[in-house]
Structure formats: C-alpha cells, structure tokens
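Reading the structure
As a plain string of letters, each chain reads:
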Amino acid sequence: MISIEPIDADRLQLRPLRADDADDLVAIFSDPSVGRYIGGAMRNDVLRRRFERMPAGSPTPDEVWLSWTVRLESATIGLVQATVEQTGVDLAWVIGPTWQNRGFATEAMTALCRWLDERDAGPHAAHIHPDNAASIAVATKLGLVDSGRVDEDGERIYIAST
C-alpha cells in the first residue's frame, strides 16, 4: 500500500491534498480555459465538495487515490494526481492558467513519477483531451506515448513506452 507524503521538486512543493485546500483549487478549476479539457466547467459548490471528499480516498478497494496540491512558495498553483491500481498508475495534472507555460506541470509530474517509481507503483498512463497540446507535451516529456486508444470520454490514452 502506498502512503501519500510531501514531495519536493526544484521550484515546487507537492503537498498532500487536504479538505481545506478546496477554495484554492476551486479558483483554478473554475477557470473556463481549464474546464474545456476536463469535461466542462462545474459550479463552485460542486467543485468544493469534490475537493473536500478527495483526501478520503477511493471508495474502490482495488485502487488508491493520491492527490497533491502543487505549491510555488505560498501559492497553490495546481493539482497532480495518481490513481494506483494493480495494473499501474493513471496520472493527471492541472496547473492554473496564471502559472502555465513555465514548465511547472513537467516539473511536478517528473517529481511525482520519480516518487511513484521509487515505490514500484507500476507503469504510468494518462488520459488526455486530444486538443490539449500542453498536456500532450508534458506526457511526451514523461516518456508516455499515444497508445492509439481513446477512452469513453474521448480522451487519448498515453502509456509508458516500452
């Protein structure tokens, strides 16, 4: 069983998600430019309840939800996640629009993947909206390749290259 803990990167700190991080994350996830890649904008109260519930973990016994806020000094700038199952790890990341195009997503995810690899969590994968060029670039930098498959939400599945 993998247990969540803080992770430090060069410029960033990944801190385990807590229920009281919800307000900072609602501000990021309610931005329309973020919503276009994650299934549309959600109401703030719906987002807040989701972020308040996430630290409790998955209701499915065969998977572990791990979520970290991405922090730059004292500011919460995003969220990174790993869903760990017996077959491997599904990765997800969101960096707020104000902080995009500075390499923060790649830095945060590189640190997270290294941490997961140290715990033998299994091969990594990510489901990415086909128009999200920035996330596709991050996935490529992480060594993930397009599998040619599409999930039920229309997202392309990127997997660890062999």
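In the block above lies the structure referred to throughout.
Residues numbered from 1 in each chain as written. Predicted model: local features only at pLDDT ≥ 70, side-chain atom pairs only at ≥ 80, totals over all residues. Heavy atoms only, no water.

Scanning all chains against the criterion turns up 7 salt bridges. Ionic pairing is found between Asp20 and Arg18, a salt bridge with its closest N-O pair at 2.9 Å. Measuring nitrogen to oxygen at the nearest pair gives 3.9 Å for the salt bridge that ties Arg18 to Asp21. When its relative accessible area of 6% is taken as the criterion, Asp21 is described as buried. Salt bridges sharing common partners tie together Glu5, Glu118 and Arg119. (Salt bridge = Lys/Arg side-chain N within 4 Å of Asp/Glu carboxyl O. Buried < 20%, exposed > 50% of the residue type's maximum accessible area, 1.4 Å probe, protein only.)

Turning to helix α1 (residues 22-29), a few remarks are in order. Each α-helix winds once per 3.6 residues, and so residues spaced three or four apart point in a common direction. For α1, the complete set of buried residues consists of Ala22, Leu25, Val26, Ile28 and Phe29. Each buried residue of α1 lies within a common arc of 160° when the element is viewed along its axis, so the set occupies one face. (Helix = DSSP H or I, 4+ residues; strand = E, 2+ residues; numbered from the N terminus. Arc of directions from axis to C-beta.)

A separate point is the sheet that holds strand β6 (residues 124-128). Judged by pairing direction, the sheet is mixed, and its 8 strands sit side by side in the order β1-β2-β3-β4-β5-β6-β8-β7 without closing on themselves. A strand with exactly one partner marks an edge of an open sheet, and here the two such strands are β1 (7-8) and β7 (144-150). Judged from the 2 bridges that link them, β1 and strand β2 (residues 13-16) form a sheet pairing that is antiparallel. Bridge assignment links Asp8 to a residue of β2, and that residue is Gln13. This element, helix α4 (residues 104-118), spans β1, β2, β3 (64-72), β4 (75-85), β5 (88-95) and β6 of the sheet and lies at about 155° to β5. (Pairing = 2+ DSSP bridges. Contact = heavy atoms within 4.5 Å. Axes fitted to C-alpha atoms, helices over the stretch in contact; angles between N-to-C directions.)

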